[in-house]
Structure formats: structure tokens, C-alpha cells
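Chain by chain, the residues:
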Amino acid sequence: MKYIDLSGTWNLSCITRDLPEVPMEVPGDVHSALIQAGIIPDPYQGTNELEVQWVGREDWRLSTTVSLSEIPRGPVFFRAESIDTICEVLINGHSAGRGENMFLPVELRIGEYLREGENTIEVLIRSAERTAVERAGRLPYPIPHTSHPVQSPHRNLVRKAQCHAGWDWGPCLMVAGIYGGVGLIDASEGYIRCVHTDQRWEGDDCLLDIHVEFLSSEPGAIPLSISCAGVRHEAHVEVGEGSSTITRTLRIRSPERWWPAGYGPQRLYDLDVTVGSHQVHKRVGFRTVRLITDEDTHGSRFVFEVNGVEVFCKGANWIPQDALPSRETPARARYLLQSMREAHMNMVRVWGGGKYEPEYFYDLCDQLGIMVWQDFMFACAMYPSDHGFLRTVEEEARYQVKRLKDHPSLVLWCGNNENLGAIGWFEETRANPARYLVDFDRLYEATIGRVCDTLDPGRPYWPSSPSAGRDVYDYNWHDDSRGDMHYWDVWHGGKSFDAFYLVRPRFCSEFGFQSFPSPETIRTFCPEDQMNPTSPVMEHHQRSPKGNRVIIESMARYFRFPESPEAFLYLSQVQQAYGIQHAVEYWRALRPRNMGILYWQLNDNWPVASWSSIEYTGRWKPLHYVVGRAFAPVHTAAFMKTPGILTVVVYNDTREPLPGKLSATFYDFEGKERKGIEWEVCLEGEASSIIEQVPLDRQGIDPHNTFVRLELELENGMRTSNTHFLSLPKQCPLARAAVHATVEGDRITLTADAPAFFVVLDHPGGRFSDNCLHLLPGEERTIRFIPREEGITLDPSRLSVMHLRETYR
Ligand code: BMA
């Protein structure tokens, strides 16, 4: 097969507005080309986003030329992995075809329009927003969706990343463009459209069914060769003209298994398929996966079982890397996913308001052992279920399932984000829930569910997140007895962090709490004179209408009010970490009743106040460090679900029982030891165990004047600790601790002269081996600076250290 790569510099012109023609990098998006050309300002700066809303309402022409010395004798295809969105492709002025779904490649037969010499290729992209509005005008009944402060209307009527239209953490940038590979395929000698596999197990042997979709320009016998894990199959196969599917089975004897992070290695095998002159290479991993939903005494379970082992899932929700697709890179994905792995996570949920990610994303997840919970791309809305819509969704599902199913990391297909629950959200849907439930069923059961069942029987399908499972149509919003749960009473419901103790989710796939970004990130979009949380620019970068109110109200609930702008930003992040830690340590203690915790959200797609643990610039918020410790395979924590009773817990995700010693030492805020308790413990494998419920008054402990340090020391040498307040931090008489940092190369040694809490180190351009610590006097902690890019070094004059007592006088 011959391929002419069309990526590179194209020309961009506006069809509906008088603008000069400008160059455009393809793959890429129109906004980015206009920024590059100086026609629009960077929408992330200040409130510029509002000034560029017109871009999404115009139609655009993207064009390039390609020179051909001869016209291939067989079929030639134009293929673009993704065109966003409503498009028509013209070859030398002839219309070759159209596309209307950015989640489907545009593949058009164009041979007849080509000529020797120079050929013009044009992609005309019609405004997705105007298309959506026109479609809305033709609807027989309303199909509502959630709206955010800056919003493009009727996003749910166009098959495009839903968050492009604005979200409660994301800008409204109705980007248009070409993403992924784009080129011409000379299929004269045929070409492999797709290879996908299924695994069937016979004891330790895997029967690997390999399906090869081959497009042939003529009938005949053609050589086929398949090899994987040292097994090879060679033959001549008869193919007809057009598309045919060839299936062969290889018996792979006792392959090494692929395991999620923390459970074993991520062994991957090469799979090579050659048909005629075209070769396709993939990496496959051998493993089984099951979603166990058996009934138990509490309701029903929600457990991922990989290779027969029940996995405790720890992770976060992923949104697209960037609101401007041109700015997305494999390196940024690697950084984010690596950051997950370093925080002891093993699962990422690719949330339904974004996109099916490119190949490199799933390759990285395979390599890092990060299991993928993959939503189909529908979120927080109703969707049509007319013929045309179902047809494009069916094609989309078939395409994406075949494209992604060979990734061992992918463990679940899920119909959508919150769309079942959303039937209860809108006036129109509440007035006629049956109508919308029928639409729901057609889309996520009869279309997507059926595609998953037929094309990918080895992988579970879940109809919606959250839901109680297939064929159960209860909204399941607040049911913690079965299914997955999105717990938003803290944050959206305005409840305090101890509300996390009121639910016992089987699997919590969303919950979160916002914070502001750091000064480093704020400076990238905000002028100095607006560095105040309620300035116009800062409020523009806060998309949750109640965001600032909830952050401030919660701060008043837990902390003494911060007295400087830096202290306020710091405290908003500390508060987020403190809140989420409550949920993680409590729910994890409920294992095996709870078997998964995914917080909202890992990343940001522009610089903004949000629920993320990693800022747009890549800076880890305190949350990322704190959650990383709370997710550690071996961990200890204490919480007070009942006032006055301290529950002490140990966690062990490894499969080995781990003997050792646990101590709880109670200190006053000057750092004097008041009381100590010790236990000989043996941490049961794959379990969380309550060690003791300590009644504080009987131990003579005054929770207002005391905090507790837990130390776990295992016989194998492993040590870990955790520190907790026993009452609201604002009530504690914190000492005026002085924290001292000594820098040597990339190492920082921290000491304090009195107990210091939430000690956060900051340095532009990097992160730390640990952060957001609690220091006792006499204790010495050495931390490493890890630069985000090579060449950045730790500069002591740019290192800042802040701790809780410094936020007020
Ligand atoms: C969840 C998500 C997102 C949203 C987040 C915060 O429910 O599914 O839609 O951004 O809440 O509000």
C-alpha cells in the first residue's frame, strides 16, 4: 500500500467572512491557526475567549495541493482520522463526500477526480454551532442539555466533543479542524482497513482470534501472514473485490499476562499482520477482565476482576488535554498518565464529554498499567434517537470499538456520562420521562450496547455512569448499594466533608472539590492587577457559577480566614486535598464493600479554577500528592465518623499479609507527646482493616488541643505515616512554627521548630518527590525537586514554602 501523507501546512480561509487567507498546520484546529496568524488573540488570556466566539459561527475552507506523477490504477482514498465536524471534501473542485461526526474517520474514494500533476484538496467545514441551532429548529420535541456560563447551544445535536461547547471547567471554543492522520491511500494492491482481535481462554492458553478487514481492488489469492508471541500463520487467502474480513486463530501457549499497575508487569506482545504488500503492527496484551456485579448482603458488587484477581481501582477522571486540539501532544499525555502512576493510580476514566483519545493515549495506558474506563462520548444531556442519529452513532461505536479493543488497559465500555440521571434534571424530561427513557434505551442499549456485545464480547459494557447496570432503569443517583456512584453532595450539594462518611459507594466514579490554580498558573492568563479571586479575569476563569461561594464557605467552615491573596490560593488547594482525603481514606477503608475510587478530575484543558489535581501548566496541586499517599498500596489513616471516636485503619492492596507495628501518638500543638498507643499488627492481603476505634475521652485526649501521628513500621522494613487533626483545623491552637529549608542540588531538607501542617513547597517548572507534609519538631524530611523539562534546575531563591499557620496572623 502506498500512502501520501497530507499533514503539513495547509491554507485556511473563511467562507462566510472577509478575512485574509492564512497558513494552517494540519493536523490542527482553526482557532490555533488564527492565533498563529495574529487574527485572534489567545483565548486563554484574560477574557479573550469572549471575543473569539464568532470563530465557531463561521464556515471555513482548509486547502492543500498534492502533486502526482501518475494516477494509481486501483482505488485511491482520501482518509482523515477525524474532521471536526460538519464537512465536505472537494478534490479538484469535485465533491467527493461529506462527514458529520468527528468520532468517525472520513474515508472517501477519490481516484476518479485525480489528475496527473497538481491536485487541489479542499475540506469545507460548516459551523457546527449554526448546524446545531438549525437541527434544533427541526426537532419534533425538545432535547435538552446542561448549560454553563459561556455556552454554545444545542451541542448535543452535533457529534463533536461536547466540552467544546463550554463546561463548568472549560472554555467555549467551538473549534473546527482536522485531527490525527490525514492522507491519500493508494489501494491498488489492496489495503488493511483494520485488524482487531478477541481472546478466548483454554486453561493457560489463549486462542487469539485475529480479524483482518481487507479492501481489495480485484478478486484473487493473496498472501497472508500473521505472527504473534512466536506463533506464525502463513497462507494464501481468496479475497473478492471490495471489503472482506479474514479471521484466523492463533493458539498462544501460556502467554505472560498483562496486569494493572501494582498487580504485576505490563507484558505486551507484537502482533504483525501482512496481507499482500500491506503490513499492520499492533501491541497486544493477554488478560481476562470481568465486571462482577453479583448480589451480596449490601446490594450488588461492582468489582473489576483481571486475570481472576479482584482489583481495587484507584484513579481519576480524564478530560481532553486541551481546549485547542493543536496544543495536545503525546508528551503531555505521557506526563499526565505518568503522574497518575506515580500517585499509585491504576484506573483512568475517559469521561464522556470529551473524546475517544488517540492511539498514543491507550498505548501509554497499556505500558503504564493504567486501566481505562471508556465512556462513549455523550454527557449531561438527552440525545436524539432518530434514524440518522442512530446510524452515525452505530458507525461511531463500531469504529471506536474495533479501533480500541486490542488495548489490554481498556477494561470497560460505558454508554455515557450521567445521561440516565439527567432525565431527572430538566423540566421537559421530568414532564415526559418515558419518552426520554425510550431514547436512552435505543441509543445506549439497542445501539451501543448491541455493538459492544457483538464486536467485543470479552469486555463488559455499562449503560451509563452512574447507573445500576443493564436493564435497570432507576436513576441510581443516590443509591450506594449497587452500581457506580457520582457523589456530589459535597460540592454541588454544599455539604461538609464529613458527608463523605454518610455514603458507602460500591464504586465511586466521580466526586470532587474545586480549588484555584497556583499563582504560577494564574500569571499565565491574568494581569498582576487582577490577581484577586473575584476580579473580572479570575471570575472568567471560574466556570462553576457557585464555585467561589462554595470554596469560601467551606474555608470558613474549616480554616481561619487567610489574610493574604497568596494564602487564600494556597488554602483553597490545601482545603481541596483535605476534603478529598476524607473520602478516599474512608471509602478505601470500606473494602471489599467499596472497590473503586475515581475522583473528579485529573487535568485541566485551560488554566482555570477547577476540581483538577494537576493544573493546566502541569503543576501538581497538593491534592495530587495527598491522594498519591492515600492511594499507596500500603497505608494507614484515622477518621472520626462518630465524634470522639477515632477509627484507626490499615490498608494493604498487595497480596501478601504484612506483619509489623502500628503506633498512634497524640501531640499537643507545641509538639509535646501526650499519649501513645501501640499495636502489633498483621495487615491482611488485599484488604483494609480497622485496627481499633479509640474513644478519645477515655484516653484523656482533648481533640481541640491534640493531633495524632500514625506510624506504621512493617517487618519488611517499609515505613509510612499519616497525621490528622482531631477537630476542625480552625479550632486548633497552632504554634507559630518556623519551617526551615536547606537546599543541596535538587534536594531540599525540611525541618520545623514546632508542629507545622500542610507544608507546601513550590517552585516554577517542577514538582517534588513529596509535598503537602506535616512536620514535627525534630523531624527531618528530605525531598527531591523533579523538573518538568530538562534544563530547569532548583533555584533556592525561587523556592517558596508555606504552611497553615502562616495563612493568618
Ligand atoms: C460531574 C462531571 C462533569 C462536571 C463535574 C463538576 O458530574 O460529569 O459534568 O464537570 O461534575 O460539576
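Per chain, residue numbering runs from 1 following the sequence as it is written. Thresholds applied to this predicted model are a pLDDT of at least 70 for local features of residues and 80 or more for the giving and counting of side-chain atom pairs; totals over whole chains, interfaces and linings are not thresholded and use all residues. Water and hydrogen atoms were dropped before computing side-chain values, which therefore reflect all heavy atoms in the structure.

**A few points about the side chain of Asp-209**
What counts as a helix is a DSSP run of H or I of at least four residues, what counts as a strand is a run of E of at least two, and both are numbered from the N terminus. Tracing the backbone through its elements, the reader meets Asp-209 in strand β13 (residues 205–216). A polar side-chain atom of Asp-209 sits 2.8 Å from a polar atom in the side chain of Arg-200. Reaching out from Asp-209, the side chain makes a polar contact with the side chain of Thr-249 at a distance of 2.6 Å. We call two residues contacting when some pair of their heavy atoms lies within 4.5 Å. Leaving out residues up to four positions away in the same chain, Asp-209 has contacts with His-196, Thr-197, Asp-198, Arg-200, Arg-248 and Thr-249. Polar contacts here mean pairs of N or O atoms no more than 3.5 Å apart (in protein, one a potential hydrogen donor and the other a potential acceptor; neighbouring residues in sequence count only if both atoms are side-chain atoms).

**Let's talk about the sheet that holds strand β42 (residues 766–768)**
With respect to topology, 4 strands assemble into an open sheet ordered β39-β40-β44-β42, the strand pairing being antiparallel. Edge positions in the sheet fall to β39 (739–744) and β42, since each of these pairs with one other strand and no more. Strand-to-strand twist across the sheet, computed as the mean angle between neighbouring axes with direction ignored, equals 25 degrees. Strand pairing follows a simple DSSP-based rule, namely that at least 2 bridges must link the two strands. Bridge analysis of strand β40 (residues 747–752) against strand β44 (residues 781–787) gives 4 bridges, and the strand direction is antiparallel. Interaxial angle, 0 to 180 degrees, is taken between N-to-C directions of lines fitted to C-alpha atoms, where a helix line uses only the stretch in contact.

**Thoughts on the sheet that holds β13**
Taken in spatial order, the 3 strands line up as β12-β13-β16 in an open sheet, and their pairing is antiparallel. Where the open sheet ends on each side, the last strands, each with one partner, are β12 (191–202) and β16 (242–252). The mean inter-strand angle of the sheet, taken between neighbouring strand axes irrespective of direction, is 15 degrees. With 11 bridges joining them, β13 and β16 adopt antiparallel strand pairing. Residue pairing across strands places His-211 opposite Thr-247, the latter belonging to β16.

**A closer look at the packing of helix α3 (residues 330–342) against helix α4 (residues 359–368)**
At a minimum axis separation of 10 Å, α3 and α4 run at an interaxial angle of 30 degrees. Between α3 and α4, the angle is such that the two are roughly parallel. Handedness of the α3/α4 crossing: right-handed. In this structure, α3 contributes Pro-330, Ala-333, Arg-334, Leu-337, Gln-338 and Arg-341 to the contact, and α4 contributes Tyr-360, Phe-361, Leu-364, Cys-365, Gln-367 and Leu-368. An angle below 35 degrees is treated as roughly parallel, one above 145 as roughly antiparallel, one from 65 to 115 as roughly perpendicular, and anything else as oblique. Put simply, a crossing is left-handed when the front helix is turned counterclockwise from the back one by less than a right angle, and right-handed when it is turned clockwise.

**A closer look at the UniProt feature "domain: Mannosidase Ig/CBM-like" (unreviewed entry) in the protein**
The UniProt feature table records "domain: Mannosidase Ig/CBM-like" (unreviewed entry) at residues 646–730. Within residues 646–730, the helical portion is 0% and the strand portion 64%, while the C-alpha atoms at the span's ends are 19 Å from each other. UniProt positions are given in the numbering used here, feature names are shortened, and annotations may be inferred rather than shown by experiment.

**Digging into helix α7 (residues 433–455)**
To estimate the expected span of a helix, count its residues, drop one, and scale the result by 1.5 Å. In a regular helix each residue adds 1.5 Å, so 23 residues correspond to 33 Å; α7 covers 31 Å between its end C-alpha atoms and thus fits that length. What is called the bend at a residue is the angle between a pair of axes, fitted to the seven residues leading up to and ending at it and to the seven starting from it. Where α7 bends most, at Gly-449, the angle is about 35 degrees. Summary of the burial criterion: residues with accessible area below 20% of their type's maximum are buried, those above 50% are exposed, and those between are partly exposed, where the area comes from a 1.4 Å probe applied to protein chains only. Tyr-436, Asp-439, Phe-440, Leu-443, Tyr-444, Glu-445, Thr-447, Ile-448, Gly-449, Val-451, Cys-452 and Leu-455 are the residues of α7 that are buried. Of the surrounding elements, those touching the buried residues of α7 are β12, α5 (387–404), β27 (410–414), α6 (427–431) and β28 (461–462).

**Examining helix α2 (residues 128–137)**
What α2 keeps buried is the set Ala-128, Glu-129, Thr-131, Ala-132 and Ala-136. In a view along the axis of α2, the buried residues occupy a sector of 160 degrees, so they form one face of it. Against the buried residues of α2 lie β7 (86–91) and β10 (117–126). Of the residues flanking the start of α2, the one acting as N-cap is Ser-127, its side-chain oxygen 3.3 Å from the backbone nitrogen of Glu-129. Here the arc refers to the directions that run from the helix axis out to each C-beta atom.

**Overview of the site of the ligand**
One heavy atom within 4 Å of a molecule or strand is enough for the residue carrying it to be called near that molecule or strand. Neighbouring the ligand are Trp-167, Asp-168, Trp-169, Trp-351, Cys-380, Asn-417, Glu-418, Trp-488, His-492, Glu-510, Trp-600 and Trp-611. Within the contact set of the ligand, an oxygen atom lies 2.8 Å away from a side-chain nitrogen or oxygen of Trp-169. Here Glu-510 contributes a side-chain N or O atom positioned 2.7 Å from an oxygen atom of the ligand. Accessible areas in this description were obtained via Shrake-Rupley with a 1.4 Å probe; residue shielding takes into account the shown protein chains only. Contact with the protein chains hides 95% of the accessible area of the ligand, taken as 300 Å² for the molecule alone. Charged means Asp, Glu, Lys or Arg here, nonpolar means Ala, Val, Leu, Ile, Met, Phe, Trp, Tyr, Cys or Pro, and polar covers whatever is left, Gly included. Classifying every residue of the shell around the ligand by side-chain character gives 7 nonpolar, 2 polar and 3 charged.

**Considering unusual backbone geometry**
Looking along the chain, the bond that leaves Ser-465 and enters Pro-466 is cis, with omega of 0 degrees. Topologically, Pro-466 is positioned in the loop between β28 and β29 (485–486). The step from Arg-591 to Pro-592 runs through a cis peptide bond, and the omega angle for that step is 10 degrees. Inspection of the secondary structure assignment puts Pro-592 in the loop between α11 (565–589) and β31 (596–599). At His-154, a residue that is not glycine, the phi angle is positive and equals roughly 60 degrees. Phi is positive for Ala-229, which is not a glycine, with a value near 50 degrees. Note that Ala-229 resides in the loop between β14 (220–228) and β15 (231–239).

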